[in-house]
Amino acid sequence: MENFINDYKIHIFEVAYLTEEQVKLFRSDFRIVADYFVQKRKNKKYTPGRKTIRHVDAVLKFMSVMTGDRRFINAQKGKKSGGDQNMCEILDQIENRGIQKGMEIMRAEMAEKEASLAEKEAELARKEAQLAQAMELLKKYNIAFVS
């Protein structure tokens, strides 16, 4: 059975725990990926560099799978045609989509509040009309109203 089983050694390391010097040794797009995970572990935030991504589609799909964040995939749909992108541009696209979505939600909430306010104003106008009518009846029959 030993003839059918390979005895390969695999070296595993956690990308998020690489040092900045180790990250700088990468020359491919993986340098951006490694930098992302290191920064997220250390700072809980990511500040992108200006290094361009050569394989944008592959990097965004990888980032989406590894982070569980579908916004990386959605950013690919809005990718500028032609030329490479850097992570800063991609994250700007993601942020702008979030802003747009937030504005849409805010507009919907405002419309809902305006409709509710219009309904309350109409109810108030009805009650004011009823009050005016009651006051007219009181005057007509000389009934004093003390408030």
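As the structure is a prediction and not an experimental result, all values here were calculated from the model.

Draft legend 1. Just the packing of aromatic side chains, in detail. The full count for this structure, using the stated rule, is five aromatic pairs. Where Phe26 meets Phe30, the ring centres are 5.0 Å apart and the plane angle is 70 degrees; that geometry is what we call edge-to-face. For Phe30, a relative accessible area of 26% puts it in the partly exposed group. Taken together, a centroid distance of 5.3 Å and an interplanar angle of 85 degrees make the contact between Tyr36 and Phe37 edge-to-face. Residue Tyr36 shares its accessibility class with Phe37, and that shared class is buried.

Draft legend 2. Here's a closer look at a nonpolar patch on the surface. A cluster of nonpolar residues, Met1, Phe4 and Ile5, forms a patch on the protein surface that exposes about 450 Å² of accessible area. As for its position among the elements, Ile5 is in the segment before α1 (20-24).

Draft legend 3. Spatial organisation of the confidence of the model for the protein chain. With 93% of its residues at a pLDDT of 70 or more, the protein chain shows a mean pLDDT of 85. Mean pLDDT across the elements of the protein chain bottoms out in strand β2 (residues 85-86) (73) and peaks in α1 (93).

Draft legend 4. Quick peek at the packing of helix α2 (residues 30-43) against helix α3 (residues 56-67). Interhelical geometry of α2 versus α3 gives an angle of 25 degrees and a closest axis separation of 11 Å. In terms of axis orientation, α2 runs roughly parallel to α3. Along this stretch, α2 crosses α3, giving a crossing that reads as right-handed. In this structure, α2 contributes Phe30, Val33, Tyr36 and Phe37 to the contact, and α3 contributes Val59, Phe62, Met63, Met66 and Thr67. Looking at side-chain class alone, the contact of α2 with α3 contains eight nonpolar, one polar and no charged residues.

About the thresholds
Residues numbered from 1 in each chain as written. Predicted model: local features only at pLDDT ≥ 70, side-chain atom pairs only at ≥ 80, totals over all residues. Heavy atoms only, no water. Phe/Tyr/Trp six-rings, centres within 6.5 Å; stacked < 30°, edge-to-face > 60°. Buried < 20%, exposed > 50% of the residue type's maximum accessible area, 1.4 Å probe, protein only. Patch = residues over 30% accessible without salt bridge, like charges linked within 9 Å, V, L, I, M, F, W, Y side chains within 5 Å. Areas by Shrake-Rupley, 256 points an atom, 1.4 Å probe, with all protein chains shown as cover. Salt bridge = Lys/Arg side-chain N within 4 Å of Asp/Glu carboxyl O. Helix = DSSP H or I, 4+ residues; strand = E, 2+ residues; numbered from the N terminus. pLDDT = per-residue confidence, 0-100. Axes fitted to C-alpha atoms, helices over the stretch in contact; angles between N-to-C directions. Parallel < 35°, antiparallel > 145°, perpendicular 65-115°, else oblique. Left-handed = near helix turned anticlockwise from the far one by under 90°. Contact = heavy atoms within 4.5 Å. Nonpolar A, V, L, I, M, F, W, Y, C, P; charged D, E, K, R; others polar.

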